[in-house]
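# Fold and geometry: a report
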Amino acid sequence: MSFLRTVFNDSVIIHPPGFYIIGLQTLPYISVYIIFLAFVYVVTVLFNSLVIYVIVFNHCLHTPKFMAVGNLAVIDVILSTSIIPNMIKLFLLKDNFVPFNLCFVQIYVHYAFGALESFALAILAYDRLIAICFPLRQNSINTLRSMSYIIGLIWCFSLGIVAYGTGLMTRLSFCSSLKVFGYFCDYIPVFTLACNDYTMQWTMATSLTFLMLVVPFTLICLSYVSILVTVFRMKSLDSRVKALATCTEHVILVAVFYIPLITIYNISLYLHFIDEDLPHLSMSLASCTPPCVNPIVYSLKTKEIRNRALALVRKIKITTDKIKKRNRRGATTKM
């Protein structure tokens, strides 16, 4: 196996042809789990595509809230695509070799869109904050232009900071083991294989975790503290219930995204897993489930999307019935 040697700061950097993913190998019925993830992926793509289509082609949904929902749907599709197809290749097709450059691309896409997912939930919390705490000024504060600026800045920041963190990996030299213990080319399992010092990469991983998870979650919590203070100041019980009801779907999304991550982190830190493959199994499920659940929650809980989606399904059904009738008439005429 040939290794690519480059010179960086007067030292030789060794880049191998690729890495071998060896996580989840000891788990029984792993093929059944991967088939389940394939089903999850199909549902994720279909439902998120439906949400995107409904929002894009219905002008009445061209509002700041649904721009944020559409942004989340786009992120969900890309985030899910960065993980599940590769897991199908690894564990169903038994091809666990990942080329060096493709490994770094996977690291970049997964963490960039993981960060965007986290910030997308914070943007939706901001939308609820403005709607409930500043109802009279909502249309002047939370406009399509301001929402597009916020989303654009978050994309630039997330893509940029993760690009820098991934770029740091090219300074590492991999001269011994090429076996990555994980379910994909993960940032920490890869850089810990390096022969040279990876202190900078470790610091970057810690900083990215803080920026990607802690900062958005803190913003979400602060938003809901402000929302609760405003709600409990309302005199009417009916007004309180209606205000809180508009936050239901967002609270579900936040819980589905953050609770598994916090639980897995605490178990691995304080209690430890019995099987070393269990944290990877748990993390893969925690990564793949939210993109699938998000569009389903918004389709079922949001009246506007639900009605438009049902109208689209009826339209497709009517069109299909018309085509069938035409085919029957054509067959009868030929006879």
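This report concerns the structure included in the present document. In this numbering scheme, every chain counts its residues from 1 along its sequence in written order. At least 70 in pLDDT is required for a residue's local features to be given in this predicted model, at least 80 for side-chain atom pairs to be given and counted, and no such filter applies to totals for whole chains, interfaces and linings, which use all residues. Note that water and hydrogens are dropped before the side-chain values are worked out from all heavy atoms of the structure.

### Notes on the overall build of the chain
Put simply, DSSP marks the helices as runs of H or I at least four residues long and the strands as runs of E at least two long, and each gets a number from the N terminus on. Each helix and strand in the chain was counted, giving twelve helices and five strands. Using a 1.4 Å probe on the protein chains alone, a residue whose accessible area is under 20% of its type maximum counts as buried, one over 50% counts as exposed, and one in between counts as partly exposed. With 335 residues in all, the chain has 42% of them scored as buried. What makes two residues a contact is simply this: any of their non-hydrogen atoms within 4.5 Å. Look at the contacts in the chain between residues 6 or more apart in sequence, and 77% of them connect residues 24 or more apart.

### Concerning a nonpolar patch on the surface
Candidate patch residues must exceed 30% relative accessible area and have no salt bridge, after which like charges are joined if within 9 Å and Val, Leu, Ile, Met, Phe, Trp or Tyr side chains if within 5 Å. Here the open area of atoms and residues is found with the Shrake-Rupley method and a 1.4 Å probe, where only the protein chains shown may cover a residue. A carboxyl oxygen of Asp or Glu within 4 Å of a side-chain nitrogen of Lys or Arg is what we treat as a salt bridge. Taken together, I35, L92 and L93 make up a surface patch of nonpolar side chains, about 300 Å² in accessible area. Mapped onto the elements, L92 comes out in the loop between α3 (84-91) and β4 (97-99). Judged by relative accessible area, L92 falls into the partly exposed class, the value being 34%.

### Some details on the layout of surface pockets
Considering only enclosed or pocket space, the largest pocket measures out at about 1400 Å³ in volume. What lines the largest pocket is a set of 34 residues, among which Y111, I188, T209, Y265 and M283 lie closest to the centre. When residues of the lining of the largest pocket are traced back to their parent elements, those giving at least two are α4 (100-133), α7 (187-191), α8 (199-232), α10 (248-271) and α11 (278-301). Among the elements that take part in the lining of the largest pocket, α8 stands out by supplying nine residues, more than any other. Lys, Arg, Asp and Glu make up the charged group, whereas Ala, Val, Leu, Ile, Met, Phe, Trp, Tyr, Cys and Pro make up the nonpolar group; the residues left over, Gly among them, are polar. Its residues assigned to classes, the lining of the largest pocket comprises 25 nonpolar, eight polar and one charged. Note on definitions: the grid is 1 Å and covers protein atoms alone; a cavity is a set of points where a 1.4 Å probe fits but cannot get out; a pocket is an open set with protein on both sides within 12 Å along at least five of seven lines; lining residues have an atom within 4 Å of a point. Grid points are joined across faces, edges and corners, and a volume is the space filled by probe spheres set on the points.

### A short note on the side chain of N58
Along the chain, N58 turns up in the loop between α1 (30-56) and α2 (64-81). Looking at N58, its side chain comes within polar contact range of the main-chain oxygen of V54, at 2.6 Å. Polar contacts, as used here, are pairs of N or O atoms within 3.5 Å; protein pairs need one atom able to donate a hydrogen and one able to accept it. Residues neighboring in sequence count only if both atoms are side-chain atoms.

### A short note on the nonpolar core
Counting residues in hydrophobic clusters, the biggest one holds 86 residues, and the most contacted among them are F19, M87, F174 and V190. Residue contributions to this core peak at 18 residues, all from α4. With near-sequence residues (within four places) excluded, M87 lies in contact with L24, Y33, I34, L37, L92, Y183 and S284. To define a nonpolar core, start from buried Ala, Val, Leu, Ile, Met, Phe, Trp, Tyr and Cys residues and group those joined through side-chain atoms within 4.5 Å.

### So, the side chain of Q201
Mapped onto the elements, Q201 comes out in helix α8. The residues touching Q201, leaving out its near neighbours within four places in the chain, are L168, M169, R171, L172, Y187 and F191.

### Some remarks on the state of the cysteines
By convention in this document, the label disulfide applies to cysteine sulfur atom pairs within 2.5 Å. If you walk through the whole model with that rule in mind, you get one disulfide. One disulfide in the model links C103 with C185; its S-S distance is 2.1 Å. Negative torsions about the S-S bond denote left-handed disulfides, and the value of about -115 degrees found for C103 with C185 makes this one left-handed. In this pair, C103 is assigned in helix α4 and C185 in the loop between β5 (179-180) and α7, connecting sequence segments 82 residues apart. With a relative accessible area of 0%, C185 lands in the buried category. Free of any disulfide, C133 has its nearest neighbouring cysteine sulfur in C247, separated by 9.0 Å.

### A look at the sheet that holds strand β3 (residues 18-21)
Judged by pairing direction, the sheet is mixed, and its three strands sit side by side in the order β4-β3-β5 without closing on themselves. The open sheet has two free edges, formed respectively by β4 and β5, since each of these has just one partner strand. Bridge analysis of β3 against β4 gives three bridges, and the strand direction is antiparallel. Bridge assignment links G18 to a residue of β4, and that residue is P99. Between any two strands, pairing holds if DSSP finds at least two bridges.

### Focus on the pattern of salt bridges
On inspection of all chains with the given rule, the structure shows three salt bridges. Between K65 and E249 there is a salt bridge, with its nearest N and O atoms 3.6 Å apart. Of this pair, K65 sits in helix α2 while E249 sits in helix α10; the two residues are 184 residues apart in sequence, bridging distant segments of the chain. We classify K65 as buried; its relative accessible area is 18%. In this structure E249 comes out as buried when scored by relative accessible area, which is 5%. One salt bridge in this structure joins D238 and K242, with 3.4 Å as the shortest N-O distance. Taken together, the positions of D238 and K242, both in helix α9 (residues 237-245) and four residues apart, correspond to about one turn of that helix. Owing to a relative accessible area of 55%, K242 belongs among the exposed residues under this scheme.

By themselves, these figures tell us nothing about what the structure is for.
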